[in-house]
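# Commentary on secondary and tertiary structure
The chain contents come next:
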Amino acid sequence: MAWGGFTSAELEWQYNPRETVPEFMTHFERFVKLSDETRAQLGGKIDVRFGDGPKETMDVFMASDPGAPVHVFFHGGYWRSQDKKDYAFVARDLVAAGFTVICPNYDLCPDVTVAEITDQAVRCIEYIYRNVEEFNGDRDNISISGHSAGGQIVARLATHDWEESLGDATPFAAVIPISGVFDLEPIRHTTLNEDIRLDAASAADNSPMLDAVPMDVRMMVIVGGNESPEFVRQSDAYAAYCGSAGHKVPVYKAWGANHFTVLEEVFLGTGSLFGHLKRFLQP
């Protein structure tokens, strides 16, 4: 057995969405088309640099009025693939609802480690916090979300000590991990690890389930109802872990959604969770 009673083939199916969703390319193609349309519609500040790494840039889609709530979305791709430009569609309907939406990039494995990606995400949040007025944003109303690997990223950001660098222990008000991986140990036993290059120690060090519990911010966890049992279990387990410290963290399962279509359910106005997302981000 590779891990947790699973064979290597079973783990690959559980944790590699390209195995569970064989038509994954049709979803990526739709995301690219929607994102191209979103950039054409919204314009935006493209490739704003927040750090020195090759990919430490972000795309900003600004609200029309100053003092707007800000939402930051970290894309997925198992820390080894994907690009912010293909996820601009998450901004379309939030900007129409009065938000500024920011989509950061980060350098990818194996060029960097998962821990270095977290450091880049920290620099991104620090930059946004310090310069939020340039993006028509409200410093007191910043929220973050991330999909897949991005779910792990925002869960790690929720445990970071921000007081030293920003003088604010809670620089964002809400956190939404979507289809995240919160215990990285099983990833070591899949082909994904050929690029991610985790060992036992780094898998533990970068697992939100083994990290400090999150700061006292609002959080909800989202996962697709049709995702693999392990993705669903990890979301439930992470919410329970946060609950052990007294945080109330609901888990929303997007009915009928797989690992990719869950994003459409959350961020598109026609999605089943879009209304809830807006309410959650504007308490």
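Residues numbered from 1 in each chain as written. Predicted model: local features only at pLDDT ≥ 70, side-chain atom pairs only at ≥ 80, totals over all residues. Heavy atoms only, no water.

## Focus: the state of the cysteines
All chains considered together, the criterion is met by 0 disulfides. Unpaired in this structure, C103 has its nearest cysteine sulfur neighbour in C124, at a distance of 10 Å. For C103, a relative accessible area of 1% corresponds to the buried category. (Disulfide = S-S within 2.5 Å. Buried < 20%, exposed > 50% of the residue type's maximum accessible area, 1.4 Å probe, protein only.)

## What to know about the pairing of strand β9 (residues 251-254)
The pairing of strand β8 (residues 221-224) with β9 spans 4 bridges and is classified as parallel. Paired with V221 across the two strands is V251, which belongs to β9. In this view, the connection linking β8 to its parallel neighbour β9 by way of helix α10 (residues 229-243) has right-handed handedness. (Pairing = 2+ DSSP bridges. Helix = DSSP H or I, 4+ residues; strand = E, 2+ residues; numbered from the N terminus. Right-handed = clockwise from strand over helix to strand, strands pointing away.)

## A look at the packing of aromatic side chains
Tallied over the entire structure, the rule returns 12 aromatic pairs. Each ring, one from W3 and one from F6, has its centre 6.3 Å from the other, and the planes form 10°; the classification is stacked. An angle of 45° between the planes, with centres 5.9 Å apart, marks the rings of Y15 and F231 as tilted. Placement of the pair is Y15 in helix α1 (residues 8-15) and F231 in helix α10, with a sequence separation of 216 residues. (Phe/Tyr/Trp six-rings, centres within 6.5 Å; stacked < 30°, edge-to-face > 60°.)

## Description of the side chain of T100
Here T100 lies in strand β4 (residues 100-104). Those residues within four positions of T100 in sequence are excluded, and the remaining contacts are V60, F61, M62, A63, A68, P69, V70, H71, F135 and N136. (Contact = heavy atoms within 4.5 Å.)

## Remarks on the UniProt feature "domain: BD-FAE-like" (unreviewed entry) in the chain
In the numbering adopted here, UniProt assigns the feature "domain: BD-FAE-like" (unreviewed entry) to residues 59-192. For residues 59-192, the end-to-end C-alpha separation is 27 Å, with 26% helix and 23% strand making up the annotated structure. (UniProt positions renumbered as here; feature names shortened; annotations may be inferred.)

## Section: the packing of helix α5 (residues 114-130) against helix α6 (residues 149-157)
The geometry of α5 relative to α6 is characterised by a closest axis approach of 10 Å and an angle of 65° between their N-to-C directions. As α5 runs across α6, the sense of the crossing is right-handed. Across from V114, I117, T118, A121, V122 and I125 in α5, the residues of α6 making contact are Q152, I153, R156 and L157. The residue inventory of the contact of α5 with α6, partitioned by class, reads 7 nonpolar, 2 polar and 1 charged. (Axes fitted to C-alpha atoms, helices over the stretch in contact; angles between N-to-C directions. Left-handed = near helix turned anticlockwise from the far one by under 90°. Nonpolar A, V, L, I, M, F, W, Y, C, P; charged D, E, K, R; others polar.)

## Description of the packing of α1 against α10
At their nearest, the axes of α1 and α10 sit 7 Å apart, and the two run at 65° to each other. Considered as vectors, α1 and α10 are oriented roughly perpendicular to each other. Here α1 contributes W13, Q14 and Y15 to the contact with α10, which in turn contributes P229, E230, F231, R233 and Q234. Here the residues of the contact of α1 with α10 are counted per class, giving 4 nonpolar, 2 polar and 2 charged. (Parallel < 35°, antiparallel > 145°, perpendicular 65-115°, else oblique.)

## Describing the environment of S179
Relative to the helices and strands, S179 is located in the loop between β6 (174-178) and α8 (193-196). As a C-alpha pair, S179 and G224 span 45 residues in sequence and 6.9 Å in three-dimensional space. Among all residues touching S179, those that are not within four sequence positions of it are H147, S148, I222, V223, G224, E227, F231, H259 and V262. Polar contacts involving the side chain of S179 include one to the side chain of E227, which spans 2.3 Å. (Polar contact = N/O pair within 3.5 Å; in protein donor to acceptor, adjacent residues only side chain to side chain.)

## Quick notes on helix α3 (residues 24-42)
For α3, with 19 residues, the first-to-last C-alpha span of 27 Å sits near the 27 Å given by 1.5 Å per residue. Among the residues making up α3, those that are buried are F24, H27, F28, F31, L34, S35 and T38. The buried residues of α3 occupy an angular sector of 130° when projected down its axis, which confines them to one face. Exposed residues on α3 whose side chains face more than 90 degrees from its buried face are K33 and A40. Contacts from the buried residues of α3 go to α2 (17-20), α4 (92-96) and α11 (262-267). (Expected span 1.5 Å × (residues − 1). Arc of directions from axis to C-beta.)

## So, unusual backbone geometry
In terms of backbone geometry, most residues other than glycine have negative phi values and most peptide bonds are trans. The omega angle of the peptide bond from C109 to P110 is 5°, so this bond is cis rather than trans. With respect to the element layout, P110 can be found in the loop between β4 and α5. Backbone geometry at Y78 places phi at a positive 55°, although glycine is not the residue there. Tracing the chain through its elements places Y78 in the loop between β3 (68-74) and α4. Taking the relative accessible area as the measure of exposure, Y78 reaches 5% and is therefore buried.

## Quick word on α6
With 9 of 9 residues buried, α6 is to be regarded as a mostly interior element. Taken as a whole, α6 has its buried residues at A149, G150, G151, Q152, I153, V154, A155, R156 and L157. In the core, the buried residues of α6 are packed alongside β3, α5, β5 (137-147), β6, α9 (200-205) and α10.

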